[in-house]
Amino acid sequence: MLKFTDDCLTGIKEIDQEHQKLFDLVNSAYKELNDSETDKRIVCIDLLRELQFYASTHFEHEEAYMQKINDPELPRQKLAHASFTARMNTLNLVGLSDENFKKATIELLDYLSRWLFNHVIGSDTLIGKSQSPFAFTEKYLVGVQLIDEEHKRLFEIMEQANQVIHDEMSFDKYDEIIDIIDELRDYTEFHFSDEENFMKSINYPDLDKQLLAHSHFVEKLNEIDLDNVDNDQQGYLNDLLAFLLNWLTNHIMKMDKKIGAFYLNQKQ
Ligand SMILES: [Fe+2]
Ligand SMILES: [Fe+2]
Ligand SMILES: [Fe+2]
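Parameters and conventions
Residues numbered from 1 in each chain as written. Chains lettered and ligands numbered in written order. Predicted model: local features only at pLDDT ≥ 70, side-chain atom pairs only at ≥ 80, totals over all residues. Heavy atoms only, no water. Salt bridge = Lys/Arg side-chain N within 4 Å of Asp/Glu carboxyl O. Helix = DSSP H or I, 4+ residues; strand = E, 2+ residues; numbered from the N terminus. Buried < 20%, exposed > 50% of the residue type's maximum accessible area, 1.4 Å probe, protein only. Donors = N, O, S within 2.8 Å, 3.2 Å for Na, K, Ca; no water. 1 Å grid on protein atoms, 1.4 Å probe; cavity = no way out; pocket = protein on both sides within 12 Å on 5 of 7 lines; lining within 4 Å. Points joined across faces, edges and corners; volume = space filled by probe spheres on them. Nonpolar A, V, L, I, M, F, W, Y, C, P; charged D, E, K, R; others polar. Domains from an automatic or database assignment. Phe/Tyr/Trp six-rings, centres within 6.5 Å; stacked < 30°, edge-to-face > 60°.

(A) Geometry of the pattern of salt bridges. Throughout the structure, instances matching the rule amount to 9 salt bridges. Put simply, arginine 41 and aspartate 98 hold a salt bridge, and the shortest N to O gap is 2.9 Å. With arginine 41 in helix H2 (residues 41-68) and aspartate 98 in helix H4 (residues 98-122), this residue pair connects regions lying 57 residues apart in the sequence. Under the relative-accessibility criterion, arginine 41 is labelled buried at 16%. Overlapping salt bridges bring together Lys152, Arg153, Glu156 and Glu183 as one network.

Have a look at this one:
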């Protein structure tokens, strides 16, 4: 029997209610099976079908919720849900003797209840709690409004790219990806030019280091080979995004923050 304890709560009302209902369905199927006579078989099969249907609806809800809040765990959750669904789909109880029917059903229920409990505690309770690596958080603030706003926009464009990569509904992402890379390239150049002008305006002493880093990054952006994108879209873009995000966060933390510090010092 599955017990829905407080440890199972995600804190998201709709999801918690659906989990509770899934637990109930598994428990009812166990119960039905244990006092089952031959004519109870049909009730048990109905319950399993209901469980199958309810689980897939629930996964849809949960994944939509995670998509909405940009939860970075979404791809992992989708894989986990798919393996549950695959196991449920192997359910074939037609033509089995009573004994084999019971054996197969108990095996399935044992698997489902173990899976559900582990998954709810191990993965679902973390929904909404891990931050997207593309979140522009306070730690990235440089202290110059114009620069901070533009950095934020760069994070948003990358987040958008990340969503396209993981959007399983779109099979050929080529056009969308090209658009986003173009936008990222344009916006990066626009931002660098603003940032460089700002540094000039305050006579920032390390301007040359920034110019070098910026031009090197623009070179990297221009080296992006779009011919590769069509072959292995997911892999190529994942690597590319990881590189861009890493570069940007590093550059902000190690170099751009110094602009803000210098500016603040000069104002005082
Ligand atoms: Fe889940
Ligand atoms: Fe910079
Ligand atoms: Fe910057």
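From this point on, the discussion continues.
(B) Structural detail: the coordination of the iron ion (ligand 1). Protein-derived coordination of the iron ion (ligand 1) comes from Glu62 (OE), Gln77 (OE1), His81 (NE2), His119 (NE2) and Asp124 (OD), at a distance range of 1.9 to 2.4 Å. Counting residues between consecutive donors of the iron ion (ligand 1) along the chain gives the motif E-x14-Q-x3-H-x37-H-x4-D. Placement of glutamine 77 in helix H3 (residues 74-89) and of aspartate 124 in the loop between H4 and helix H5 (145-166) is noted, with a sequence separation of 47 residues between them. The class of aspartate 124 is buried, set by a relative accessible area of 1%.

(C) Representation of the layout of surface pockets within the structure. For the largest pocket, the calculated volume is near 340 Å³. In this structure, the largest pocket is lined by 18 residues; those nearest its centre are Pro72, Pro75, Phe134, Asn162 and His166. Counting residues per element, the ones that place at least two in the lining of the largest pocket are H2, H3, H5 and helix H9 (233-267). When its residues are assigned to classes, the lining of the largest pocket shows 9 nonpolar, 7 polar and 2 charged. Residues lining the lining of the largest pocket come from more than one domain, with at least three contributed by each of domain 1 (6-126) and domain 2 (138-267).

(D) How the structure looks around the packing of aromatic side chains. Per the counting criterion, the structure on display carries 14 aromatic pairs. Centroid distance phenylalanine 136 to phenylalanine 155: 5.1 Å. Interplanar angle 70 degrees. Geometry classified as edge-to-face. Of this pair, phenylalanine 136 sits in the loop between H4 and H5 while phenylalanine 155 sits in helix H5, placing them 19 residues apart in sequence. Judged on exposure class, the residue phenylalanine 136 and its partner phenylalanine 155 are both buried.

(E) Spatial organisation of the coordination of the iron ion (ligand 2). Distances from the iron ion (ligand 2) to its protein donors, Glu195 (OE), Gln210 (OE1), His214 (NE2), His251 (NE2) and Asp256 (OD), fall at 2.0 to 2.4 Å. Sequence spacing of the donor residues for the iron ion (ligand 2), all on one chain, is E-x14-Q-x3-H-x36-H-x4-D. A separation of 3.4 Å is found between the iron ion (ligand 2) and the iron ion (ligand 3), which share glutamate 195 as a coordinating residue. Of this pair, histidine 214 sits in helix H7 (residues 207-222) while aspartate 256 sits in helix H9, placing them 42 residues apart in sequence. Per residue, the accessibility class of histidine 214 equals that of aspartate 256, and both read buried.

(F) How the structure looks around unusual backbone geometry. Despite not being glycine, asparagine 70 has its phi angle at roughly 55 degrees, a positive value. Mapped onto the secondary structure, asparagine 70 falls in the loop between H2 and H3. The exposure class assigned to asparagine 70 is partly exposed, which follows from its relative accessible area of 26%.

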